[in-house]
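# Remarks on the overall topology
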Amino acid sequence: MAWIYLILILFVFYFGSFIPDNDLEFAIAEFRLHIPLTGSLRLLAYGFIAWQLLWALTRWIEQKTRIDIFYLLDQKISFLQLLRRWLYASRPVFSTWLAVRLAQIGLMLSLIKMFGVPFLEYLRGVAVLELIKNVIPMLVEVILSRFGSAEWIAILMSWLSGPLTEWLSGPVMDSLQDAEKILLEFKLHYMIFFSSFMIIYVNKLYQKERAERYNLDIKRMQERRRKQNSLISSDILL
Amino acid sequence: MNSQRAAEISADQGFFVLPTLVVAWSSDESMESLLQAVRHRLAPLTEIGALKCLGPLKDPIPAQRLAEECQTLLSLDLWHRLVSQGYQPSLPGPNSLASLRVIFIIDRSNVSHNLTLDIVEKSKKLLARRAQLMPMLIWLGDKPKSDPPGLASYWPRIRLERMASGGMEVPRRDMLAAVEHLLVALIGSNMIQYLDEIVNKDETKWIIIGASELLLDNRTEQFVRELVLNEILNSLVASLDMDLDRIERAMAERARKLRESLLQEASAILRESGWDVEISGLSIRKCILRNLNLLKSLFGAYYGGIENQRSSLLSWNSMYRWFLDLISALADPFSPDPSIEEKIYQHYRELSEKLERIASKILKEYQDLRILLGAFLDRGLLTRIPAGEHPHRWFGDPPLPSGLRAAIAALFAFQKHLAEEGDVEDAREPARGSVQPAPISGDAYLRAAGDVDAQIVRESLLRYVHFARQLASPWGVLLYLLPAWPLLTFLIQAFARWELIPAFLVAGLILFLIGVVDLAYHWLWKARRLLHESQSRAHRALADRVLSLTARVIQDYRDWMLSRLQEDELALEDVYIAFLRRHVAAEQTSRDLNEARSQEINLCTYSILYKEELQRWAKEAVEALRQYPDWKREFAPFENALTARIITDVWPLAKQPLPGQALLKELEAVCDRVIRDCARPVWHPATAVEREVKDLQGGKRWEWLWQRAQPMGSSESPGLEFTIIITREEFLMGSTGKNSPYWQPEWRFVSSILDREEICVRGIIEG
């Protein structure tokens, strides 16, 4: 049921425009405080809670009533053979893991987008500048105090204070700036993070559910057989 | 033939040959060989039992015993035979007694005591009402000083002394030879009647006799027999020191043909049982089950793993049906019901029963092979062997050697090539190891095989069932792919910056294609292949079993044939060894014949060897033996009767072979019979002498006979002298007969039943 509820939630959330998905903004006087990612996280929270509720409720009902819903479904819509041809089927392999692989890609992209811009900002504003101003001169001093007048020292010194510093302050800084710009311009739908996370999470629970259902099925079958055997043996005894 | 000849003589001259008892009373052992020679020379009489010899006896025979011995000659059967052979004109009349002749040979050379001859009188009394005894006396030795009592009862009383007329001494050996000739003349001719005519019994006491003879060599029959055997056996025991390779090649080809024909027969039976079998030589190219009932029970409606059904997919309709069968077989894996064990067992049992039909095939092959190998002994057979066998080229140019050695070598080579390699070579694709014959047979084995193979079929099909259980349906794949649809849409939007709707549709299309390709790959490619593999594996178990059963049956019959052939080889070798030894002996005798010639063997006997006639006789006998009807009867195609005999009785199909020695004895017996019955020549010393002995040609033989028949004894009162020539009348004609200058007019001719000797008896009557 985990997978079916996932499909349901995804499509409800995708088409459902009534679900609030924008980031939180606080207006203090004229200053508007925008908190990024809160829209996606809110969506995720709604979806997750909705799915969890549905799934847990179904499992609880099934447990209580000792009814396997797939048996009922198979009886009602037998041509689908949901139990045999979907739940227990492990082939074709590619189809089963396509959604999960896509979700992994989506999640990775979302995370890059989320944490990529602050990280690049930090590199450009702090790390590279610190490297040019403090780390390289300190490194030069240390080398000189350790190795004195060695011939290769002069070459290294000239390279450290010359081409390296120039390369860091020029091309590297430009590249970082470009990357930050690209990342800022790269539009990623807010649903991607939600879908990806849900697919990965639900898949894990779905596999567990499959195993449980399978084991339960076997147990049920064994019980049925045991009952039959005991009936036969009692017949013989009678 | 003898009887016919005798009848002719009897009609012309009227013989009065009586049953005769010869009693020799002598202490000389050589008398026995004399009596034996007489018996041999008078074989026609000996054979019908009209001649009996007693002795040599050292003591006088009691009258009682003589009477008993005489009684054995008083058989009505014997008299009937005498009449039918023409030796007597008729049976004794109702008022007359049967006559018996008793010839007493009394050798007085080494006996000194007195002698009484009254035994005849006593015997006559004992046989008074049954027979009329006609006693004769041949007295060897000097004239007794006084007549022994009872001498008058004997007629004629013949005397032969060591001292011949003229005072010359006669060696005892020659005297005995003369006695032998005399006995033959007395018993086998009308000489007694002639004596009765010319001699006055009352005035005659003794007749002093001398006898000489021209006779055909007594080894004649033996020489002919050896010549015949030499000729008959010569080709059979021919040595074999070359061409073995060619025999081997020819027999290898024949053995291969036999194995191929067995396999062809087996494949025909397999086809009959619903297997599509294709063979090429000893290889099985294809062995596929086509029995629809069994196929449906084992594999359901679809069995694409067993055979390629593409050839039947000619129309859209059939393709559609095939596709539906395939899909249903893939989606709903077939599980055989529990009765397949029984069905497979029944199939194997029916097949095994049908395969037993190979027995008749192998029997026919065995028969053909016997005839084919017979061609090594009998080249005349070749024209009669069916064209399909084509052995002519084996015996073409240069021909394969013939004879028993060649037949044995061929048989050995055939066994060698028949025994080599497996029965069937499994050449089906993919290449696999050869089929091993099953070690056991019988119903229990077939049942066990049915159970095992049914289990293999089940297990193989179960492999697919396990695989197919894990396969998702299109709905299942759709359910798996659905969550990826929005995700893929947003990803496309992010990278391609498309509008939502096109991105959504493209994502849906991509996922649909992925689902279709994935499904098609797994269902139509992987699952179908596995189903085919499972079916093929199950089918291979069945095919292997069927081929094993076939191989076992072929192997059984091949072993049967090999064991038969081994026995045959031993039997032929036994025959070969017996024939070879006999051939060596026959060759020796043939060499002896080359050295032998006509010669005087004693004073009064000239033995004549008519070599030219002997060769002709032998040739005729060989021809008669080759056509001997009793032997040819069973195996008419053989030209040579002996080959037919070897093939049928020495090399039998369902009984113990005849040992070589037994066959040899039979061959010798048949040879004797053929020589005696079929090719006995009409020849006589008279004709032989003219061809063989120059000294006696042109009638000179009369002179020789007369001179050598010098009467043996001297008389105080010599009376009439007479000369009797005992021969056949036709040899008295012409210039070498009575018209010869050597013939004396006073000589008398007496006919005899003997056709191989000419005797001259001279006598002086002593008063």
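In every chain, residue numbers begin from 1 and rise along the written sequence. Following the order in which they are written, the chains are lettered starting with A and the ligands numbered starting with 1. Two thresholds apply to this predicted model, a pLDDT of at least 70 for residue-level local features and 80 or more for giving and counting side-chain atom pairs, whereas whole-chain, interface and lining totals are computed over all residues.

## Comments concerning the overall build of chain B
Broken down by element type, chain B carries 25 helices and 14 strands. The exposure label follows from counting other C-beta atoms within 10 Å of a residue's C-beta, where the C-beta atoms are placed from the backbone and the thresholds are 20 or more for buried and 12 or fewer for exposed, leaving partly exposed in between. In chain B, which comprises 767 residues, the proportion classed as buried is 41%. The contact criterion used here is simple: two residues whose C-beta atoms, placed from the backbone, lie within 7 Å are in contact. Taking the intrachain contacts of chain B between residues at least 6 apart in sequence as the baseline, contacts between residues at least 24 apart amount to 81%. Helix and strand labels come from DSSP, where a helix needs a run of H or I of at least four residues and a strand needs a run of E of at least two; each type is numbered from the N terminus.

## Structural notes on the overall build of chain A
Helix and strand counts for chain A stand at seven helices and two strands. Its helices and strands in sequence order give chain A the pattern α-β-β-α-α-α-α-α-α, from N to C terminus. Put simply, chain A has 238 residues, and 18% of those count as buried. Put simply, of all contacts in chain A between residues at least 6 apart along the chain, 73% involve residues at least 24 apart.

## Re helix α9 (residues 220-236) of chain B
Residue and element names in this part refer to chain B. Between the first and last residue of a helix there are one fewer steps than residues, each counted as 1.5 Å, and that sum is the expected span. End to end, α9 covers 25 Å across 17 residues, agreeing with the expected 24 Å (1.5 Å per residue, within 8%). With twelve of 17 residues buried, α9 lies mostly within the body of the structure. Along α9, the residues that are buried comprise T220, F223, V224, R225, E226, L227, V228, L229, N230, I232, L233 and L236.

## Some words on the interface of chain A and chain B
Each side of the interface is counted separately: chain A has 30 residues, and chain B has 26 residues. Class assignment of the residues belonging to the side of chain A that touches chain B gives a composition of 19 nonpolar, eight polar and three charged. Any residue that is not Ala, Val, Leu, Ile, Met, Phe, Trp, Tyr, Cys, Pro, Asp, Glu, Lys or Arg is counted as polar, Gly included; the first ten are nonpolar and the last four charged.

## Focus on the pairing of strand β11 (residues 605-608) of chain B
Residues and elements named next belong to chain B. Residues T605 and S607 point to one face of β11 and Y606 and I608 to the other, with burial holding for every one of them. As defined by bridge partners, strand β6 (residues 206-216) adjoins β11 across four bridges and the pair is classed as parallel. Across the sheet, residue E213 finds its bridge partner in β11, namely T605. The pairing of strand β10 (residues 599-602) with β11 spans three bridges and is antiparallel. Residue pairing for β11: N602 is matched across the bridge by T605. Taken together, β10 and the strand that follows it, β11, pair antiparallel across an intervening segment of two residues. Two strands make a pair as long as DSSP finds a minimum of two bridges between them.

## Re the environment of Q599(B)
Counting through the fold element by element, Q599(B) comes out in strand β10. Distance from Q599(B) to L609(B), taken between C-alpha atoms, is 8.2 Å for residues ten residues apart in sequence.

## Structural notes on the packing of helix α10 (residues 244-272) of chain B against helix α19 (residues 500-595) of chain B
All names here are of chain B. For the pair α10 and α19, interaxial distance at closest approach is 11 Å and the crossing angle is 140°. Taken together, the axis directions place α10 and α19 in an arrangement best described as oblique. Seen along the crossing, α10 lies across α19 with a hand that is right-handed. Contact residues: L262, L263, A266 and L270 in α10; V546, T550, V553, I554 and Y557 in α19. In the contact of α10 with α19, the residues fall into eight nonpolar, one polar and no charged. Axes here mean lines fitted to C-alpha atoms, for a helix over just the part in contact, with angles spanning 0 to 180 degrees between N-to-C directions. Small angles under 35 degrees read as roughly parallel and large ones over 145 as roughly antiparallel, with 65 to 115 read as roughly perpendicular and the rest as oblique. The sense of a crossing depends on the near helix, which, turned anticlockwise from the far helix by less than a right angle, makes the crossing left-handed and, turned clockwise, makes it right-handed.

## Concerning unusual backbone geometry
Here the residue pair R91(A) and P92(A) is connected by a cis peptide bond, since its omega of 0° sits within 30 degrees of zero. Turning to its location among the elements, P92(A) is positioned in the loop between α4 (82-87) and α5 (93-147). With phi around 45°, Q81(A) is a residue other than glycine that occupies positive phi space. Note that Q81(A) resides in the loop between α3 (69-76) and α4. The phi dihedral of R497(B) is positive, around 55°, even though this residue is not glycine. On the secondary structure map, R497(B) appears in the loop between α18 (484-496) and α19. Among the residues examined, R497(B) registers 10 C-beta atoms within 10 Å and is labelled exposed.

## Some words on the nonpolar core
Residues and elements named next belong to chain B. Here, a nonpolar core means buried Ala, Val, Leu, Ile, Met, Phe, Trp, Tyr and Cys residues linked by C-beta atoms lying within 7 Å of one another. Among the nonpolar cores identified, the biggest contains 245 residues, and V179, L182, V228, A410 and V761 are the most heavily contacted of them. Per-element accounting of this core gives the leading share, 27 residues, to α19. Where each domain starts and ends comes from a domain assignment, either automatic or drawn from a database. Residue assignment places this core across two domains, with domain 1 (2-154) and domain 2 (244-589) each supplying three or more. Contact partners of A410, with chain neighbours within four places excluded, come to I247, M251, L373 and F376.

## A word on the confidence of the model for chain A
Every residue gets a pLDDT, meaning the predictor's confidence in that residue, from 0 to 100. For chain A, mean pLDDT is 82; residues scoring 70 or higher make up 90% of the total. Mean pLDDT values over the elements of chain A span from 67, in strand β2 (residues 31-35) of chain A, up to 88, in helix α2 (residues 38-65) of chain A.

## A few points about the pairing of strand β8 (residues 283-289) of chain B
Residue and element names in this part refer to chain B. Here strand β7 (residues 275-280) runs beside β8; their pairing, made up of six bridges, is antiparallel. Following the sheet pairing, I279 is matched in β8 by I284. Hairpin connection between β7 and β8: a loop of two residues separates the two successive antiparallel strands, and G281 in this loop has a positive phi of roughly 65°.

## Considerations on α19(B)
An ideal rise of 1.5 Å per residue puts 142 Å on 96 residues; α19(B) measures up with 132 Å between its terminal C-alpha atoms. One axis is fitted to the seven residues ending at the residue and one to the seven starting there. The bend at that residue is the angle between these axes. A maximum bend of about 30° is found in α19(B) at A527(B).

## Comments concerning the packing of α18(B) against α19(B)
All names here are of chain B. Look at α18 against α19: their axes get within 8 Å of each other, and the N-to-C directions meet at 125°. One way to sum up the angle between α18 and α19 is to call them oblique. α19 is crossed by α18, and the crossing has right-handed handedness. Contact residues: α18 offers A484, W485, L488, T489, I492 and Q493, while α19 offers L500, A503, F504, V506, A507, G508, I510 and L511. Residues that form the contact of α18 with α19 fall into these classes: eleven nonpolar, three polar and no charged.

## Considerations on the confidence of the model for chain B
Residue and element names in this part refer to chain B. The predicted model of chain B averages 82 in pLDDT, with 89% of residues at 70 or higher. Averaged pLDDT values over the elements of chain B bottom out at 39 in helix α1 (residues 2-13) and peak at 91 in helix α13 (residues 340-355). A low-confidence stretch, residues 426-439 stays under pLDDT 50, and its non-local contacts, those more than four residues away or across chains, total 28 contacts. Scored by ipTM, the complex comes to 0.81, with pTM at 0.65.

## A short note on the environment of A89(A)
By the secondary structure assignment, A89(A) is in the loop between α4 and α5. Taking the C-alpha atoms as reference points, A89(A) and R210(A), 121 residues apart in sequence, are found 10.0 Å from one another. When residues no more than four places from it in sequence are discounted, the contact partners of A89(A) are Q470(B), L471(B), A472(B) and G476(B).

## Examining the environment of T589(B)
All names here are of chain B. In this fold, T589 is placed in helix α19. When the C-alpha positions of T589 and Q222 are compared, they lie 8.6 Å apart, and in sequence the two are 367 residues distant. Leave out the neighbours within four places in its chain, and T589 touches F223 and E226.

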